[in-house]
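Coordinates in review
What follows is each chain in one-letter form.
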Amino acid sequence: MSTAPETRPVADEPSVVVTDLRAEQLEPALGLGTATPRLSWVVRPAADAVVEEDWRQRGYEVEVVPAAGGDAWRSGEVAGDHGVLVPWPGAPLASRTAVHVRVRALGEDGVASAWSGPLPVETGLLDPADWVARPVSAELGQDPSDVQPPVLLRRVLQLDAPVASARLHLSAHGVTEVELNGRRVGDEVMAPGWTSYDHRLRYRTHDVTALLSEGENVLGAWLADGWYRGRLGFHGGHVNLWGERTALLAQLDVELADGRRVTVATAGDGSWRAAPSPIGSSGLYEGEVHDARRELEGWSRPGFDDSGWAGVVEVERDPATLVAAQGPPVRCTQEVLPVAVATAPSGATVLDFGQNLVGRLRIRVHGSAGDRIRLRHAEVLQDGELYRRPLRGAAQEDVYVCAGGGEEVWEPRFTMHGFRYAEVTGWPGALAEGDVVARVHHSDMRRTGWFTCSDPLLERLHENVVWSMRSNFVDVPTDCPQRDERLGWTGDIQVFAPTASFLYDVSGFLASWMQDVAAEQHADGVVPWYVPEIPGGEWTPAQAGAVWGDVAVLTPEVLHARYGDVEVLRRQYDSARAWVDLVERLAGPDRVWVSDGLQLGDWLDPAAPPEDPADARTDKHLVATAYFARSADALAGTARVLGETGDAERYERLAGEVREAFAGRYRDGDRLTSDAQTAYALAVVFDVLPPDARAAAGQRLAELVREAGGRIATGFAGTPAVCDALSATGHVDAAYELLTTTDCPSWLYTVSQGATTIWERWDSLLPDGTVNPGEMTSFNHYALGAVADWMHRVVAGLAPGAPGWARLHVAPRPGGGLTSAAARHETPRGTASVSWRLAGGRLLVDVQVPLGVRAEVDLPGEDVVEVGAGMHHFDVDDRTASAARAQAPTTA
């Protein structure tokens, strides 16, 4: 590479700095699956520097330095007013290429910032031919018709020179944890995760340089069923859904100090050995049984005698289906100690961790050989005992058999539980503080959004939303984390994606899962109810269902809106079109989607009986037609972004036709044929009514809320829209009434009942303290927590005004007795925040705008103003603001 000359002056002490440099939203960026990684960064004011609020980036420069040494390459000035997913500026990288990247920003004044710190960027195996590894499976004579106990795999390797660098590319049919010379590789769990295995199997690259040495080394692996062939599904579930055998896929590429390269890979060449592990059984639903007496000391270190171990056999895997991970792995992100210890009527010890969570227990015990400790998990208690009926067929039970001889510390490896309470039996002696710790596990996404306010109940509600998201973003966006289900339900994440993308950086997580949605989509355009798709009684074969199938269109739209990611729109475009085209065929020429197929409609409307959660107040075909209009309109917008002008015009016409059809079929004067909260909420927010009918719809919705005493009357379809519909039509007070009531059903009813997560049903716990008798009664579902997006945008007043937060829309609408509220979000362009408080008859608002961004500030009773970067303070007469809030609509 050649060195380009300096192109712009750099101030002695630049007023701005480049931070948060990432490649494909990853930092560090190791094992990337693209030769041309997109770069992102944030420009911030330097410490103590004063920067003009209209500062804008006019360009940038990228420097690329080979990690192995050599000349730097510089792009020269590249025009661009932002640092959000900008194209790779140089030649494509080859497989296994490591470079260091730096960026500096150029302001419109012609002065460049200092260079950012270096970001290590390294590609993985970009070509299927780069894979020499083949998956290997233990030859231990296991029964392929049922779940299998985890196994150990081992391979000795000799290195005849010091190690300069080493990378382990790792995947599995099943789930695995790997050790090198007795030390754990990485800290992820349940790797490589759950994908549409027939189409896509993830691998992840690890830097293992520090774990290898000259001489004899040992690569060892634990291998378990996981999602690949473990039990999944309803009513007993299924095994072997993707294959009868677990298998390890590992390729270790080593560069020696003398420049030679050595590759050690899984293969059926006699070099790999297998043995039973001390884990007697392990399942996602079942839990894990570990007998410490069977542990093999030193099995993954040099010098161990494996002569009695069995061999392995190769299994099939097309290397073209191997894909580099796009999002973060599952890790332990927090440890929680019990807040109370009690003795149940049965005599068992019950631990209360004070928080419904997902993960597993780590125990520290001194016992005798053969002591058997049983750990059972549940979300709720009833009559002082664990109440396990809502778990259905999921045992959620772990057993540890002591080896004896001193302190033993243990945690399950290949299972996850959803629980607040744990029952401990068989414990030798008395429990001491710290003997049992709950370890929280989920995909380790970067936190990006926060909300506070003056009402502790609303703050707890928001925290419940966060915890339910953490609990259900475990490699795929699941519905629930505890019972015999835990599937990637498409409708749940479709309604929750805006909330999720504020709270955490879900760009890679959801972009990866959306590729599985496209892979699992049927040839006729049907989107499965859940992805990856498994057999499921009435859910199989999958049928076209509104709200759920619309994930194909609406979730990529959210990822573009929140992260400025055009590529995700392009990649999912065919899938989105296939869905809308299917619905167009099903609706026929009258454009009203009425079918005899399975429609879930406003699923879990609180009026629905426990045995029929789809029996809602709102006509399910009204819901389906409203969603048809919404997705057609969103697809038109996607087409415009992608430059598909013909498609944009076609789908815009289609959306208009569906809107007209909706009004013709479901409008009855100023009422809708379903006189229900969800019907009006969707009609307003999806804009499917004529302009002159919008105000009446909002008025009727507000009347319904008041007639219900402020209680909620919406399910999965209506809940994300109802507060927006009210505030958008000038009924902010009614929206706050919904938000703040504590009567059942309501958001704060759950909080008043002690909830620490969002429930599946509004009344999962009945007012008398008993559990809802419905078969589906989870205490950890995020879908009904979609209201948090309205809390961010309307209560606090912070919303994106353009894709990727290129502009801010600031429009707080105080109400509900709140005296203050605030939201902060780490946007792709930097920190944005809004906080307001009422004091002395004044509404005081502080707005923080990132560099290079402008904000539209819309305060009640005031003219809309536009401001640039920095901190801005506003002081408004609250009497005027209150009058304006009572009379004028807000922007949804």
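This report concerns the structure included in the present document. (Residues numbered from 1 in each chain as written. Predicted model: local features only at pLDDT ≥ 70, side-chain atom pairs only at ≥ 80, totals over all residues. Heavy atoms only, no water.)

Notes on the overall build of the chain
Within the chain one finds 16 helices and 45 strands. Against the 2.2 N^0.38 benchmark of 29 Å for 892 residues, the chain shows a C-alpha radius of gyration of 28 Å, consistent with a compact globule. Referenced to the eigenvectors of the C-alpha coordinate spread, the extents of the chain come out at roughly 85 × 75 × 60 Å. In the chain, which comprises 892 residues, the share counted as buried stands at 60%. In the structure as shown, the chain presents an accessible area of about 31,100 Å², 47% of it carried by carbon and sulfur atoms. (Helix = DSSP H or I, 4+ residues; strand = E, 2+ residues; numbered from the N terminus. Rg over C-alpha atoms; globule rule 2.2 N^0.38 Å. Buried < 20%, exposed > 50% of the residue type's maximum accessible area, 1.4 Å probe, protein only. Areas by Shrake-Rupley, 256 points an atom, 1.4 Å probe, with all protein chains shown as cover.)

Remarks on the nonpolar core
In terms of nonpolar packing, the biggest core is built from 184 residues, with Phe473, Trp579, Leu739 and Trp747 touching the most fellow members. Take this core: its biggest share by element is 13 residues, from helix H8 (residues 620-642). Listed in part, the 30 residues of the second largest apolar core include Leu157, Leu170, Val178 and Leu248. (Core = buried A, V, L, I, M, F, W, Y, C linked by side-chain atoms within 4.5 Å.)

Brief notes about the side chain of Glu179
In this fold, Glu179 is placed in strand S12 (residues 175-180). Here Glu179 sits buried without a salt bridge, and the closest side chain of opposite charge, Arg413, lies 4.3 Å off (N-O distance). Of the polar contacts made by the side chain of Glu179, one reaches the side chain of Trp222; its length is 2.9 Å. In this view, Glu179 contacts Arg184, Val185, Val218, Leu219, Gly220, Trp222, Trp299, Ser300 and Arg413; residues no more than four positions away in its chain are not counted. (Lys, Arg positive; Asp, Glu negative; His and termini not counted. Salt bridge = Lys/Arg side-chain N within 4 Å of Asp/Glu carboxyl O. Polar contact = N/O pair within 3.5 Å; in protein donor to acceptor, adjacent residues only side chain to side chain. Contact = heavy atoms within 4.5 Å.)

Things to note about the pairing of strand S33 (residues 449-453)
Only one face of S33 is covered, namely the one carrying Gly449, Phe451 and Cys453; the face carrying Trp450 and Thr452 has none of its residues buried. The pairing of S33 with strand S40 (residues 820-827) spans five bridges and is classified as antiparallel. Counted as the bridge partner of Phe451 is Ala823 from S40. (Pairing = 2+ DSSP bridges.)

Describing the sheet that holds S33
One open sheet accounts for five strands, arranged S33-S40-S41-S42-S45; its pairing is antiparallel. On the outer flanks of this sheet lie S33 and strand S45 (870-877), each paired with one strand and no other. Sheet twist, expressed as the mean angle between neighbouring strand axes with direction ignored, is 10°. (Axes fitted to C-alpha atoms, helices over the stretch in contact; angles between N-to-C directions.)

Regarding the environment of His621
Note that His621 resides in helix H8. If sequence neighbours within four positions are ignored, His621 has contacts with Trp593, Val594, Ser595 and Tyr666.

Here's the deal with the environment of Thr490
Mapping Thr490 onto the fold places it in helix H3 (residues 490-503). Setting aside residues no more than four positions away along its own chain, Thr490 makes contact with Trp513, Val527, Pro528, Trp529, Tyr530, Val531, Trp548, Gly549 and Val551.

With respect to the environment of Ala883
Here Ala883 shows up in helix H16 (residues 878-887). Along the sequence, Ala883 and Pro860 sit 23 residues apart, while their C-alpha atoms lie 8.2 Å from each other.

Describing the packing of H3 against helix H5 (residues 551-563)
Packing of H3 against H5 brings their axes to within 9 Å, and their N-to-C directions diverge by 5°. Between H3 and H5, the interaxial angle falls into the category roughly parallel. Where H3 approaches H5, its residues Thr490, Ile493, Gln494, Ala497, Pro498, Ser501 and Phe502 are matched on the opposing element by Val551, Leu554, Thr555, Val558, Arg562 and Tyr563. Across the contact of H3 with H5, the residue classes tally to eight nonpolar, four polar and one charged. (Parallel < 35°, antiparallel > 145°, perpendicular 65-115°, else oblique. Nonpolar A, V, L, I, M, F, W, Y, C, P; charged D, E, K, R; others polar.)

Quick word on helix H7 (residues 573-587)
With 15 residues, H7 ought to run about 21 Å at 1.5 Å a step, and its terminal C-alpha atoms sit 21 Å apart, in line with that. In this structure, the buried residues of H7 make contact with helix H4 (507-520), H5, helix H6 (566-571), H8 and helix H9 (645-666). Directly beyond the C-terminal end of H7, a positive phi value near 75° is found at Gly588. (Expected span 1.5 Å × (residues − 1).)

Some details on the sheet that holds strand S13 (residues 183-184)
Spatial strand order, S13-S12-S15-S10-S18: five strands in an open sheet with antiparallel pairing. Looking along the sheet, the strands with just one partner apiece sit at the ends: S13 and strand S18 (272-276). The pairing of strand S10 (residues 151-159) with S18 spans five bridges and is classified as antiparallel. Note that in S18 the partner of Val151 across the bridge is Pro276.

Some words on the pattern of salt bridges
Counted according to the given criterion, the structure contains 70 salt bridges. The salt bridge partner of Asp475 is Arg202, with a shortest N-O separation of 3.1 Å. Residue Asp475 is located in the loop between strand S34 (473-474) and strand S35 (476-477), and its partner Arg202 is located in strand S14 (residues 201-207); the two are separated by 273 residues in the primary sequence. Owing to a relative accessible area of 9%, Arg202 belongs among the buried residues under this scheme. Glu707 is the partner of Arg700 in a salt bridge, and the nearest nitrogen-oxygen pair spans 3.1 Å. Classification of Glu707 by relative accessible area gives exposed; the value is 55%. Where salt bridges share partners, they join Arg392, Asp479, Arg483, Asp484, Glu485 and Glu760 into one cluster.

Digging into the packing of aromatic side chains
Each aromatic ring pair is specified by the distance between its two centres and by the angle formed by the two planes. Counted under the stated rule, the structure contains 28 aromatic pairs. Ring centres of Trp41 and Tyr60 lie 4.9 Å apart, and the angle between their planes is 65°; this geometry places the pair in the edge-to-face category. Placement of the pair is Trp41 in strand S3 (residues 39-45) and Tyr60 in strand S4 (residues 57-66), with a sequence separation of 19 residues. Classification of Trp41 by relative accessible area gives buried; the value is 2%. A relative accessible area of 5% places Tyr60 in the buried class. (Phe/Tyr/Trp six-rings, centres within 6.5 Å; stacked < 30°, edge-to-face > 60°.)

Here we look at unusual backbone geometry
In this chain, Glu27 is followed by Pro28 through a cis amide linkage whose omega measures 0°. The topology assignment puts Pro28 in the loop between strand S1 (16-23) and strand S2 (29-32). A positive phi angle is found at Met190, which is not glycine, with a value near 55°. Its location among the elements puts Met190 in the loop between S13 and S14.

As far as function goes, none of this settles anything; it's purely spatial.
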